[in-house]
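The lines below spell out each chain.
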Amino acid sequence: QVRLVESGGGLVQPGGSLRLSCAASGSISSINPMGWYRQAPGKQRELVATFSNFGTTYAESVKGRFTISRDNAENTVTLQMNSLKPEDTAVYYCNYKTTARYNYWGQGTQVTVSS
């Protein structure tokens with residue numbers, strides 16, 4: 001069993017920054033991907049960024065603004081979000097994908113970008 005706990009969401013003005021963190025516990029393997037997804041009201045959940053042994057993957061809409069990092073010793077994954085835009089407003093979910101392609105999700109953290 002895997003448990004994911006996110007922190008760091010909140011309200012920020014356009015152009016501002018936020019840092020999201022996810023702490024994982026349970027049966028975690030460093031070879032399996034961890035990352036972040038988001039879901040805006042009325043929209044499907046979408047990939048933001050993932051970190052795996054093959055490298056990092058970013059959605060086109062966040063490239064150059066967001067940076068994902070992972071600490072395998074601490075089982076944490078962090079998303080540094082800079083130059084935030086109103087369209088980044090969403091609930092952000094931490095994700096861990098097992099070798100069998102099963103997805104674990106955190107409870108989500110709200111990010112609101114508004115003036």
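This one's a predicted model, so the numbers in the text were calculated from it and none came from an experiment.

So, about the state of the cysteines. According to the stated counting rule, one finds one disulfide in the structure shown. Across the disulfide, Cys22 is cross-linked to Cys94 (sulfur-sulfur distance 2.1 Å). Here the S-S torsion is close to -85°, and the disulfide linking Cys22 with Cys94 is therefore left-handed. One end of the pair, Cys22, is in strand β3 (residues 18-26); the other, Cys94, is in strand β9 (residues 90-97), with 72 residues separating them in the sequence.

Okay, the side chain of Asn95 next. If you trace the backbone, Asn95 turns up in strand β9. Asn95 gets classed as buried once you look at its relative accessible area, which sits at 2%. Polar contacts involving the side chain of Asn95 include one to the side chain of Asn103, which spans 3.0 Å. Separated by 3.4 Å, the side chain of Asn95 and the backbone oxygen of Tyr104 make a polar contact. The contact partners of Asn95, leaving out residues within four places of it in the chain, are Leu4, Pro33, Met34, Gly35, Tyr37, Asn103, Tyr104 and Trp105.

Another aspect to go through is the pattern of salt bridges. Per the stated rule, a full pass over the model turns up four salt bridges. Of the charged contacts, one joins Arg38 and Asp88 as a salt bridge, the two residues approaching to 3.0 Å between their closest N and O atoms. Note that Arg38 is positioned in strand β4 (residues 34-39) and Asp88 in the loop between β8 (76-81) and β9, a separation of 50 residues in sequence. Under the relative-accessibility criterion, Arg38 is labelled buried at 5%. Owing to a relative accessible area of 1%, Asp88 belongs among the buried residues under this scheme. Note that Lys63 and Glu60 form a salt bridge whose closest N and O atoms lie 2.7 Å from each other.

For the structure on display, the rule yields three aromatic pairs. Considering the side-chain rings of Tyr37 and Trp105, the 5.1 Å spacing of their centres and the 80° angle between planes classify their relative orientation as edge-to-face. One end of the pair, Tyr37, is in strand β4; the other, Trp105, is in strand β10 (residues 103-105), with 68 residues separating them in the sequence. According to the relative accessible area criterion, Tyr37 is buried, its value standing at 16%. Each ring, one from Tyr102 and one from Tyr104, has its centre 4.9 Å from the other, and the planes form 75°; the classification is edge-to-face. With relative accessibility at 17%, the residue Tyr104 sits in the buried group. Site record: aromatic cluster; members linked through ring pairs are Tyr37, Tyr93 and Trp105. The ring of Trp105 has Arg45 sitting right over it, with the charged end atom 4.5 Å from the ring centre.

Before going further, it helps to spend a moment on the nonpolar core. Within the largest apolar cluster, 29 residues are counted, with the highest numbers of intra-cluster contacts made by Leu4, Trp36, Leu79, Met81 and Tyr92. Taken together, the elements giving at least two residues each to this core come down to β1 (2-7), β3, β4, β5 (46-52), β7 (66-71), β8, β9 and β11 (109-113). Apart from residues lying up to four places away in sequence, Leu4 is in contact with Cys22, Ala23, Ala24, Met34, Cys94, Asn95, Tyr96, Tyr104, Trp105, Gly106 and Gln107.

The rules behind each value
Residues numbered from 1 in each chain as written. Predicted model: local features only at pLDDT ≥ 70, side-chain atom pairs only at ≥ 80, totals over all residues. Heavy atoms only, no water. Disulfide = S-S within 2.5 Å. Helix = DSSP H or I, 4+ residues; strand = E, 2+ residues; numbered from the N terminus. Buried < 20%, exposed > 50% of the residue type's maximum accessible area, 1.4 Å probe, protein only. Polar contact = N/O pair within 3.5 Å; in protein donor to acceptor, adjacent residues only side chain to side chain. Contact = heavy atoms within 4.5 Å. Salt bridge = Lys/Arg side-chain N within 4 Å of Asp/Glu carboxyl O. Phe/Tyr/Trp six-rings, centres within 6.5 Å; stacked < 30°, edge-to-face > 60°. Lys NZ or Arg CZ within 6 Å of the ring centre and 35° of its normal. Core = buried A, V, L, I, M, F, W, Y, C linked by side-chain atoms within 4.5 Å.

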